[in-house]
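An overview of the molecular structure
One-letter residues, chain by chain:
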Amino acid sequence: MAVFLILPLAIFLLFVIWPFVQAIYYSLTDWGGFSPTMNFIGFDNFVKLANDDTFMQAVFNCILLGIFVPLITIVVALIIASVVTVAGPSKGTIRGVKGSGFYRTVSFFPYCIPAIVIGLIWSQVYDPSAGLLNGFLTSIGLHKFTNFAWLGEVATAMPASMFVIIWGFIGFYTVLFVAAIKSIPAEIYEAVRLDGATRFRTAWSITLPSIRDNIQTAYIYLGIAALDSFVYMSALFPNAGGPANTTLVISQDLFNTAFRKGQFGYATAMGVVLAAITLLFAAIVFGIVRLTKGREEGRS
Amino acid sequence: MRPCGRTRRTINTYNTEKKGNTHTMTTENRGVDRRSFLRGAMAAAVAVPITVSLASCSSGGSGDSGSGGTKSAKNPFGIKESSSIEAVIFNGGYGYDYVSYAAKLVDKKWKTTSKVKPQTNIAQSLQPRFVGGNPPDLIDNSGANQIGFNTILKSLETLDDVFAANNYEGKKISDTLYPNVKVPGTFSNKFVAMNYVMTVYAVWYSASLFEENGWTPPKTWDEALDLGAKAKAKGKYLFVWGKEAATYYLTLALDSAIKEGGLDVMNAVNNLEKNAWSQKPIQDVFNALEKIVKAGYFIPGGAGTQFTAAQAKWSNDQQAILYPSGGWIENEMKKATKEGFKMTGAPAMTVTSDSKLPYEALRAAAGEPYIVPSQGKNVAGGKEIMRAMLSKDAATNFSKTRLAPTIVKGLVPADGFGSTALVSQTKMLDAAGDNIFDWEFSSLYGLNTDQLVIWNSFLSGQADVAALTKQMQKISDDAAASK
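Computed from a prediction, not measured in an experiment: that's the story for all the values here.

Section: the overall build of chain B
Counting secondary structure elements, chain B contains 18 helices and 10 strands. Summarising the internal contacts of chain B: among those between residues at least 6 apart in sequence, 75% fall at separations of at least 24. With an accessible surface of roughly 16600 Å², chain B has 51% of that area assigned to carbon and sulfur atoms.

Thoughts on the domain arrangement of chain B
Residue and element names in this part refer to chain B. Domain annotation for chain B reports domain 1 (27-43 + 57-199 + 366-422) and domain 2 (201-364 + 440-481). The straight-line distance from the C-alpha centre of domain 1 to that of domain 2 is 30 Å. Between domain 1 and domain 2, the contact holds 16 residues from the first and 17 residues from the second. Note on domain 1 versus domain 2: buried area summed over both sides is about 1200 Å², and carbon and sulfur give 53% of it.

Section: the interface of chain B and chain A
As a measure of interface size, the accessible area lost when the parts come together is often cited. In this assembly, 54 residues from chain B lie in contact with 46 residues from chain A. The contact between chain B and chain A buries some 4100 Å² in all, and 61% of this surface belongs to carbon and sulfur atoms. The interface formed by chain B and chain A holds 2 salt bridges in total. Joining chain B to chain A, the criterion identifies 5 residue pairs in polar contact (both at pLDDT 80 or more). Listing elements by their share of the side of chain B that touches chain A, those giving two or more residues are α1 (27-57), α3 (122-132), α4 (149-152), α11 (307-315) and α17 (448-459) of chain B.

Some thoughts on the side chain of Gln146(B)
Residues and elements named next belong to chain B. Note that Gln146 resides in the loop between β3 (138-140) and α4. Residue Gln146 is classed as buried on the basis of its relative accessible area, which comes to 3%. In this structure the side chain of Gln146 is engaged in a polar contact, spanning 2.7 Å, whose partner is the backbone oxygen of Asn141.

Comments concerning helix α2 (residues 97-110) of chain B
Residues and elements named next belong to chain B. For α2, built from 14 residues, the straight-helix expectation of 20 Å at 1.5 Å per residue is met to within 8% by its first-to-last C-alpha distance of 20 Å. Burial in α2 covers these residues: Tyr98, Val99, Ser100, Ala102, Ala103, Leu105, Val106 and Trp110. Looking one or two places after α2, you find Lys111, whose phi comes out positive at around 55°.

Regarding helix α7 (residues 221-233) of chain B
All names here are of chain B. Relative to the 18 Å expected for 13 residues at 1.5 Å per residue, α7 spans 19 Å between its end C-alpha atoms, a close match to the ideal helical length. Taken residue by residue, α7 has Trp221, Ala224, Leu227, Gly228 and Ala231 as its buried positions. Along α7, the residues classed as buried sweep out an arc of 110° about the axis, all on the same side. Residues of α7 that are buried make contact with α6 (207-213), α8 (248-261) and α10 (280-294).

Description of the pattern of salt bridges
Residue and element names in this part refer to chain B. Going through the model one piece at a time under the given rule, you end up with 15 salt bridges over all chains. Here Lys117 ties to Glu86 by a salt bridge, and the two come within 2.8 Å at their closest N and O atoms. Placement of the pair is Lys117 in strand β2 (residues 113-119) and Glu86 in strand β1 (residues 84-90), with a sequence separation of 31 residues. As a salt-bridge pair, Asp160 and Lys182 come within 3.0 Å of each other at their nearest N and O atoms. Taken together, the positions of Asp160 in helix α5 (residues 160-164) and Lys182 in the loop between α5 and β4 (186-187) put the pair 22 residues apart, joining distant regions of the chain. Residue class for Asp160 comes out partly exposed when judged on its relative accessible area of 36%.

Quick notes on the rules
Residues numbered from 1 in each chain as written. Chains lettered and ligands numbered in written order. Predicted model: local features only at pLDDT ≥ 70, side-chain atom pairs only at ≥ 80, totals over all residues. Heavy atoms only, no water. Helix = DSSP H or I, 4+ residues; strand = E, 2+ residues; numbered from the N terminus. Contact = heavy atoms within 4.5 Å. Areas by Shrake-Rupley, 256 points an atom, 1.4 Å probe, with all protein chains shown as cover. Domains from an automatic or database assignment. Buried area = accessible area lost by both parts, 1.4 Å probe. Salt bridge = Lys/Arg side-chain N within 4 Å of Asp/Glu carboxyl O. Polar contact = N/O pair within 3.5 Å; in protein donor to acceptor, adjacent residues only side chain to side chain. Buried < 20%, exposed > 50% of the residue type's maximum accessible area, 1.4 Å probe, protein only. Expected span 1.5 Å × (residues − 1). Arc of directions from axis to C-beta.

Next comes the structure, spelled out in structure tokens:
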């Protein structure tokens, strides 16, 4: 009996908690990465981080990603999921629009492509002179986009990268929400239809509250993925942080600091900060969900 | 991109400015890079604490066993017969089989058993072995993920005895080399890295295109501006840049400023001095470059263009007529160079015609740093392979198969094995004589990534000279603070 409890616990401690503890320890040293010895320097790395403009820019970028990527992905995925499941013709049984199976399948396609490939494809699409996007824009007469560097301008680099990340995620979350919506009894939709609710009202008052837990989970997963974003950003901006570092993410900064500058202690401190931000993000999402749920329950 | 270099670089992910390298960026290399991204991502996200813990668990010393042979004039490092030697070689644009070639010569001579292993991620793969005290005997510490020299300096052998030894033809090795080749491998006055490949930094152009149009490569920035106007008249641009290689223009600008103002300019920058980037020659060059940017002589959109695609606009489409780069450019663009292009290099332009160093002065540096860890099992074996590489047979084999000069002089025939770029590199080196300089601060402190950001902004006209100077100085000051 004890074995079943102790063994998993030991594995968990050894392979999860212990590395965490070690990472925290290394973040308090000046370890360069290639020596068996290091000096303990207390919180110096964290003080230095707070004054590191590049790192703070990366934190800011990650926060932007953590807000917009999950929000937009979930809104769009929810709309698609509603349309292909319950927002179909207003006569007959509750169903999606015509051809919904096709849309559902197609929306899943991007998710089948590895993130690194998505990044590489889109960096070609965004190419200033040979890219599909500018090719299309200039062919319909928008000549100011000739040689326009979508990934090279401060104003467009971040939105363009967010679009790529969102494009990659939407399919999966659509499928997730479709499954969730299908578990809501059709009678409820029939009842609100009889009451004359519009499709928007149906989505807002019936669908959304019914799949709240799925959305919360999706939000947290997406947020964690967005806070990382390493693969997408590295593919879109190899070697650098985008124009004026506007797309630099913490994990890229960490990678550079550790593997290019040989400051492993400092880089580990970045990792610890990223972990703290991720935990904080999850806590905020839980908090918001709990708050809104409390209000609705109070009302009913 | 340049890939690698000594301390540097690489690829796509890669880093740095540096020299040497040719490597990197051919198509096959891109594949490797992508893979290393993923690996890097994993390493960064997950594996750091784990590797670290494993590595630190095994930090035992191994000591230097194995150098049991007797030292003599014929056996300068005391290699033991029938011992085994392990070499880990960065597998980039130059491949690694040229080292196998040299190792075979050693094996034949000493009946040793050499293992030459290719590796694309030097830092990640060798980190645990350094920490554990059992590194290989010879390492080509190159590529995007090379180990920063400041982190391993203490655990490396000095290589002065290699250059003092005789090569396999019986000549003292140091007498057969280009000048200043020790410089890029010397850190804190310790010569620890033998940089094997001679990289010449130049402004490259198509000799055939220039002849057709009656153009000559510009010797000063004013001439460059004039040439830009002439190119514009033909519907062409003067320069092109790609987002991962924007700092090639940093190289050009700094080389130009060093020639204008002398080696003091370089030393200030190299030593990360305060206000180093405000020195007059550097400011003059920045202003000249800004004029060219403002005149619209750069192909727009470089900040969003993948660098090999940008380079193809010069070598294949001929939309741009000049491109600053290292000598690896010919190899890198081999498959994307127009027929009859006749790639030729010219030294960086100067600001005025009475610059401190002559126009022929050149940034030429040895790249591909080979190191011998002190804790390796067969230190003498590692040095013996170096000695073989620096001998005529192996060095000629390298130039012939890779179309790049090594640090060994006089092995490239007049026809350059059929390469106009190799011929012009040799010619530029000969013309420069002793006026050869090199700077390493960028790769030494891993600054290329930070520098790329501001250079992309500057070349696209989003940042002016003041912003560029401020940012370059800040990057330098930050590096000085973390020294």
